[in-house]
Structure formats: C-alpha cells, structure tokens
Amino acid sequence: MASPFTEVEVDDRVVKVTNPERVYFPPTDAAPDGATKLDLVHYYLSVGDGIVNALFERPCMLHRFPKGLAGDKVHQKRLPAGAPEWVETVQLFFPRWKRTADELCVTELASVIWAVQMSTVEFHPWNSRRADTEKPDEWRIDLDPGPECDWATVQRVAHVAHEVLDELGAVGFPKTSGGSGMHVYVRIPPDHGFQDVRRGALAFAREVERRAGGEVTTAWWRKDRDPAQLFVDYNQNARDHTVAAAYSVRGVPEARVSAPIRWDEVDDCRPDDFTIFTMPERFAATGDLHADIDHHPFDIAPLLEWADRDEAEGAQAPPEPEEE
C-alpha cells in the first residue's frame, strides 16, 4: 500500500510531502496529539522569508529525524538522494577525510520544504557562502552556558557582549539558540579566512570574559571550565563548525525554535517562549528581525589588533578544532 502524501505549493514549485501525519514531536498542551511532519512544513512556510534569509547560498548541514524525535538523529552533509533538479547545492572539500560533499545550498523556500519532506528538523548553515566558501561573511558569538549556569547569566552576558559590540561600532543581531543559550550574529566582509575570524572571535570572547565579573570562561578544555560559568564559544567560527540557523526548529520535545529577538527583549524572553506553535504569529507581527543584517558589515581589523595584543602579552591561541 502506498504511503499517504499531500502536495504543498511553494511559490512556483509543488513539493510532495509523504507521511504528513507522522508524529515528530511528543504531545504538549499546544499539540495534544503531538506535532506532525505537516506541522513542521507549515511552520517553515510561516517563517519563509526568515529561514531563506538565514540560509541563503550557504552550505547547509541537515539534522534529520526519519522516524521523528523518538528515532535516531542523522547528521547529513551530503544532499539526500532523490532531490528535484531545482534544489541547489555547493561542493565542499574536507581535508581531514580527503573527500568532497555536495551540501544543500538554499536559494528559495521550496528547497527548505523539500528538506523537511526528507525528515529535516534542524538546519545548520556555514558562516560562509558559496561564492567563496573559505571566506566567512558572518561572525558568530555563541553564548553557551555550562550545565550549572542559569538563563539569568546568559542574559547578563548578552548585555556585556552588546556593550562591547557597541564600542566597536558593530551591529549585533541576537537570537535564542533554541537550547539553553543565545547567539549573536555580526555580518563581516568576506575578506578573511576561518583562522583569522576565529582568532578575532577569541579576542572578543576574552574581552567579554574580562568584563563579566567571573561569569564567563574562554577555557579551551571542558574539564577546565567551571560548570556555573558561560563559555563564549569562539570555535563556532572554525571551518565546518555550524550552529542552528535563525528560525531553525530544534530537535527537542518542546519543538523550540532558534528565534531572532530584539536587544530590548533580552531581559524578558525565555527559550520556551519560541516554538513552532508561537513563532508563526510572532513572525507575522514582527517580520524577520535579521532582515537587514547584510546592510551592517563590520571590518574585524580591531578584533585582530586585540588578538595581536593578547598574544604579545602571552595569551595562548588554542589549536584549531577538527572538522565536524
């Protein structure tokens, strides 16, 4: 017996969605019977401009759940087989494995919906684009709380990061991670390689650490970190290290979303405020809060000067992390 399906119109494309009633997320008050694959499709359609802006022309790793959250999670770099001819890709080379992979490269909303049809829940794009995948155009500040670090600390450190960005003249675009932390994105000209961007991100993290009154660590080894501290994870700027995109759903039972927020919302928001059930109405009211990120590029030269200073004073540059 053929599996049930529905057809979804996305602009001038038609995407066939098989097993639309498959339950992906467990029952909640918002969805007493659980959230289905079709619910996930409808969510991504509701934030279409935002998710396309977040992924546009970036290599994208997919976190797929072929049986829903109750089954195994698949981290997929290569585009799943059977893609329509209009789904675009970008080829990457991975020196560690001496292999290439053709990764999804979103240029339109239909390719996002097709990826959801292929059981994708989370979208994890690179911080570079296909025009030059070795030159990042996005500096990512990842505020990653330790296991005993509370949300209030994340909020306080976000304000410290905002203060430093303001002093630099950089415009930061914050979002919840969809987990326990927060991200801030800064658009940068694609003039530097991953090593330089990571080095600048580390210098910024050290400046936040100096100002945060002991609440922040930049310690390289997890065993050296106080579990009550927040790690400013500069490694998310290394090659082939990715975080969930703005508007990406996260593979957690609450169906939380990595949600763009305004700086004046930092003190009042909570990660659970933003789910596939609440975000459509919010997006309809606010639009894409990251829509004009491309209009605010920041030259990372001051960060590289900070890195030079720190290294001249004896600060060690941690080794480059391996490709994921």
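Reading the values: rules and limits
Residues numbered from 1 in each chain as written. Predicted model: local features only at pLDDT ≥ 70, side-chain atom pairs only at ≥ 80, totals over all residues. Heavy atoms only, no water. Helix = DSSP H or I, 4+ residues; strand = E, 2+ residues; numbered from the N terminus. Rg over C-alpha atoms; globule rule 2.2 N^0.38 Å. Buried < 20%, exposed > 50% of the residue type's maximum accessible area, 1.4 Å probe, protein only. Contact = heavy atoms within 4.5 Å. Areas by Shrake-Rupley, 256 points an atom, 1.4 Å probe, with all protein chains shown as cover. Lys, Arg positive; Asp, Glu negative; His and termini not counted. Charge placed at Lys NZ, Arg CZ, Asp CG, Glu CD. Pairing = 2+ DSSP bridges. Axes fitted to C-alpha atoms, helices over the stretch in contact; angles between N-to-C directions.

Q: Would you mind going over the overall build of the chain with me for this structure?
A: Broken down by element type, the chain carries seven helices and 14 strands. Relative to its length of 324 residues, the chain is compact, with a C-alpha radius of gyration of 20 Å against a globular reference of 20 Å. Principal axes of the C-alpha set define a box for the chain whose edges measure 70 × 45 × 40 Å. Relative to its full complement of 324 residues, the chain shows a buried share of 56%. By sequence separation, contacts in the chain at least 24 residues apart represent 69% of the contacts at least 6 residues apart. Roughly 14100 Å² of accessible area belongs to the chain as shown, and the carbon and sulfur atoms make up 49% of that amount. The positive charge centre, built from 35 side chains, and the negative charge centre, built from 58, are 6 Å apart in the chain.

Q: Teacher, can you tell me more about the pairing of strand 5 (residues 59-64) here?
A: Most of strand 5 is tucked away, with six of its six residues classed as buried. Residues Pro59, Met61 and His63 point to one face of strand 5 and Cys60, Leu62 and Arg64 to the other, with burial holding for every one of them. Two elements, strand 5 and strand 8 (residues 99-105), share two bridges in a ladder whose sense is antiparallel. Across the sheet, residue Pro59 finds its bridge partner in strand 8, namely Cys105. Pairing of strand 5 with strand 6 (residues 74-76) involves three bridges; the strand directions are antiparallel. In the strand pairing of strand 6, His63 is matched with His75.

Q: Where do I start with unusual backbone geometry in this structure?
A: Glycine aside, negative phi is the norm for most residues, and most peptide bonds take the trans geometry. Despite not being glycine, Lys98 shows a phi value in the positive range, around 55 degrees. Within the fold, Lys98 resides in the loop between strand 7 (89-94) and strand 8. You will see that Ser119, though not glycine, has its phi angle at about 75 degrees, which is positive. As for its placement among the helices and strands, Ser119 is situated in the loop between helix 3 (109-117) and strand 9 (120-125).

Q: Could you clarify how one ought to interpret the sheet that holds strand 12 (residues 182-187) in this entry?
A: Two strands in a sheet stick together by hydrogen bonds in their backbones, pointing the same way (parallel) or opposite ways (antiparallel). Overall, mixed pairing links the five strands, which are arranged 11-12-10-14-13 in an open sheet. The open sheet terminates on both sides in strands that have one partner only, identified here as strand 11 (173-176) and strand 13 (216-217). Along the sheet, helix 4 (residues 151-168) contacts strand 10 (138-145), strand 11, strand 12, strand 13 and strand 14 (230-232); its crossing angle with strand 10, the most-contacted strand, is approximately 150 degrees.

Q: In this structure, what is going on with the pairing of strand 7? I would like to understand it.
A: Taken residue by residue, a regular strand's side chains alternate between the two faces of the sheet. In strand 7, alternate side chains face the same way, and those of Val90, Leu92 and Phe94 are buried while those of Thr89, Gln91 and Phe93 on the opposite face are not. As judged from the six bridges shared by strand 7 and strand 8, these two strands associate in the antiparallel manner. For Phe94, the partnering residue across the bridge sits in strand 8 and is Arg99. Here strand 7 folds back onto strand 8 in antiparallel fashion, the turn holding four residues, of which Lys98 has a positive phi close to 55 degrees.

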